[in-house]
Amino acid sequence: MTPAISKEELKERIRLLALELGFADVGFAKVHSLTDSVEESRFLEAERLGHFGRMEYLSRNFDKRMDPSLLVEGAKSVIVFLAPFSSPMDSVNTNPCGHTRLKVSQYAYGTDYHTVIKNKLYVIAQLLKNEVGATSRVFTDSAPVMERAWGVRAGVGFIGKNNFLISPKVGIKNFIGIIITTAELPQSEILSPSVGCGSCTRCLDACSQKALYAPNKIDASKCLSYKTIEEPLPAEPDSNSMAKMSGCEKWIFGCDDCMNACPWNRFNRPGWEEFQVNRKLLENSTEEFWNNMGEEEFNTLFKDSPLKRAGLKKIKFNLSR
Ligand code: B12
Ligand code: SF4
Ligand code: SF4
């Protein structure tokens, strides 16, 4: 009889398949509850201080957010994947002050990452099923999972002062993909606490909104990413405040300032092609481009794009702020 695959062998098969699929790194953590953890207390503090703004969904399913075994019955492991989205920035207008450069966050330059990443994670979930009959669920920004916290626990990175999960091997511009599975897999080594930000504070200095109000602390309700994507349109025109940005540049969807400021960018891997399909179109878009656009054109051009989360009305509103 063929001997069953060992846990170490299975872990290695997953690692190799993940790299073959284009993931920049992968790590493994044992499932446990996050109750009484530093992440739980930071989450509750942010909620108590009103920092979630109108993102009411963050307060729902708190028990599941703190315990992956409530999302997958019998879960034993959390596997964390890093999917690079860094862009070359080769078509950016380098003399933007002639007109205000309208900026869209790099993560939204391509096809919606939820679809792209999940499709690859399903391939790995299938391997787990074939090899050990495991039940698995795949996630990316789609469920009450503390994705950054699990990234730390799976040894793929540390939490920077800008709150990002940063990998000393593959940098900062990475989405996180997660598989929660009933397969038992060996725990990866966690990074040494000496790996981190040191005395750097570039991200805090770069935040025009002072949303990053202290190291590792973000008032998300002030963050441009929240303001330009998540916050509902106001009933009264311009009733919600936003600190003015520099005259030459304006974020109209998301914000990358605290990410771009980070020296760990030099370790980024090239972003997947799927995440670049609208890059040239979005890097130097103008007010005319947006103001002349109708819903139909928007829905065609950005059919499978993260921009659809905000919608054309919201983007036009962001232009006018
Ligand atoms: C809600 C949300 C937002 C909100 C609020 C963000 C926030 N920081 O709270 C808004 C809309 C503002 C937002 C913005 C962005 N987001 Co967002 N967002 C999320 C989401 C859905 C939930 C995050 C959450 O639970 N927030 C609540 C806070 C309290 O938790 P947290 O951010 O996870 O922070 C924890 C750690 O920082 C940790 N921690 C903090 N300090 C310390 C210290 C120590 C010692 C330790 C151990 C831990 C620790 O504890 C915190 C609480 O548990 C996640 C997906 C997910 N399910 O996790 C994506 C996610 C965090 N976002 C992501 C991205 C890419 C962005 C943007 C870059 C998009 C953009 N360019 O516009 C910005 C970045 C802003 C920033 N500086 O964080 C990625 C981050 C990838 C990465 N490498 O870190 C995620 C993981 C989505 C994904 N699957 O890739 N986001
Ligand atoms: S994404 Fe922009 S507004 Fe939000 S914390 Fe970072 S720098 Fe500040
Ligand atoms: S910019 Fe500096 S302080 Fe901020 S996350 Fe990067 S290394 Fe840390």
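A few points on the structure. (Residues numbered from 1 in each chain as written. Chains lettered and ligands numbered in written order. Predicted model: local features only at pLDDT ≥ 70, side-chain atom pairs only at ≥ 80, totals over all residues.)

**Notes on the overall build of the protein chain**
At step 1: The helix and strand inventory of the protein chain stands at twelve helices and ten strands.
At step 2: Radius of gyration (C-alpha) of the protein chain: 20 Å, near the 20 Å computed for a compact globule of 321 residues.
At step 3: With the C-alpha coordinates of the protein chain rotated into their principal frame, the extents come out at 70 × 40 × 40 Å.
At step 4: Of all 321 residues assigned to the protein chain, the portion counted as buried reaches 40%.
At step 5: A separation of at least 24 residues holds for 83% of the contacts in the protein chain among residues at least 6 apart in sequence. (Helix = DSSP H or I, 4+ residues; strand = E, 2+ residues; numbered from the N terminus. Rg over C-alpha atoms; globule rule 2.2 N^0.38 Å. Buried ≥ 20, exposed ≤ 12 C-beta atoms within 10 Å, placed from the backbone. Contact = placed C-beta atoms within 7 Å.)

**Focus: the site of ligand 3**
At step 1: Close contacts around ligand 3 come from Gly 160, Lys 161, Asn 162, Cys 197, Cys 200, Thr 201, Arg 202, Cys 203, Ala 261, Cys 262, Pro 263 and Trp 264, and that covers them all.
At step 2: Taken together, the residues of the shell around ligand 3 break down into seven nonpolar, three polar and two charged. (Near = placed C-beta within 6 Å. Nonpolar A, V, L, I, M, F, W, Y, C, P; charged D, E, K, R; others polar.)

**Some points on the site of ligand 2**
At step 1: Around ligand 2 sit Ala 206, Cys 207, Gln 209, Ala 211, Leu 212, Ile 218, Cys 223, Leu 224, Ser 225, Cys 255, Asp 257 and Cys 258, and those are all the residues in its vicinity.
At step 2: Sorting the residues of the shell around ligand 2 by element identifies helix H7 (224–230) and helix H8 (257–260) as the ones contributing at least two each.

**Structural notes on the sheet that holds strand S4 (residues 136–139)**
At step 1: The strand order S1-S2-S7-S4 describes an open sheet built from four strands, whose pairing is antiparallel. Two strands bound the open sheet, and with one partner strand each, they are strand S1 (25–30) and S4. Recorded for the sheet is a direction-independent mean angle of 20° between the axes of neighbouring strands.
At step 2: Of the strand pairs in this sheet, S1 and strand S2 (residues 77–84) are connected by six bridges, and their pairing is antiparallel. Among the inter-strand pairings, Asp 25 is bridged to a residue of S2, identified as Leu 82.
At step 3: The sheet contacts of helix H4 (residues 113–132) involve S2, S4 and strand S7 (174–181), and relative to S7 the element is tilted by about 35°. (Pairing = 2+ DSSP bridges. Axes fitted to C-alpha atoms, helices over the stretch in contact; angles between N-to-C directions.)

**Observations regarding the pairing of strand S3 (residues 101–104)**
At step 1: Residues Arg 101 and Lys 103 of S3 are buried on one face, and the alternating residues Leu 102 and Val 104, pointing to the opposite face, are buried as well.
At step 2: Here S3 pairs with strand S10 (residues 249–253) via four bridges, running parallel. Its bridge partner lying in S10, Val 104 is registered against Phe 253.

**Brief notes about the packing of helix H1 (residues 7–20) against H4**
When two helices pack together, their arrangement is given by the angle between their axes and by how far apart the axes lie.
At step 1: Where H1 contacts H4, the two axes come as close as 10 Å, and the packing angle between them is 155°. Put simply, H1 runs roughly antiparallel to H4. Classified by chirality, the crossing of H4 by H1 is right-handed. Taking contact as the criterion, the partners of Leu 10, Arg 13, Ile 14, Leu 17 and Ala 18 in H1 are, on H4, Val 123, Ile 124, Leu 127, Glu 131 and Val 132.
At step 2: For the contact of H1 with H4, the residue count by class is eight nonpolar, no polar and two charged. (Parallel < 35°, antiparallel > 145°, perpendicular 65-115°, else oblique. Left-handed = near helix turned anticlockwise from the far one by under 90°.)

**Some points on the nonpolar core**
At step 1: By size, the foremost hydrophobic cluster in this structure holds 78 residues, and its most contacted members are Val 78, Val 80, Phe 81, Ala 83, Trp 150 and Ile 178.
At step 2: With seven residues, H4 is the single largest residue contributor to this core.
At step 3: Contacts of Ile 178, omitting those with residues within four sequence positions, involve Val 78, Val 80, Phe 139, Thr 140, Val 145, Glu 147 and Trp 150. (Core = buried A, V, L, I, M, F, W, Y, C linked by C-beta atoms within 7 Å.)

**Overview of the environment of Ser 142**
At step 1: On the secondary structure map, Ser 142 appears in the loop between S4 and helix H5 (147–153).
At step 2: C-alpha separation for the pair Ser 142 and Gly 177, spaced 35 residues apart in sequence, amounts to 9.9 Å.

**Here's the deal with unusual backbone geometry**
At step 1: Phi is positive for Asp 36, which is not a glycine, with a value near 70°.
At step 2: Relative to the assigned elements, Asp 36 resides in the loop between S1 and helix H2 (38–48).
At step 3: Here Asp 36 falls in the exposed class, since 8 other C-beta atoms lie within 10 Å of it.
At step 4: Located in the positive-phi region is Asn 216, a residue other than glycine, with phi close to 65°.
At step 5: Relative to the helices and strands, Asn 216 is located in the loop between strand S8 (212–214) and strand S9 (217–218).

**With respect to the environment of Arg 42**
At step 1: Secondary-structure assignment places Arg 42 in helix H2.
At step 2: By the C-beta count within 10 Å, which is 17 here, Arg 42 ends up partly exposed.
At step 3: Note: C-alpha distance between Arg 42 and Lys 217 (175 residues apart in sequence) is 8.4 Å.

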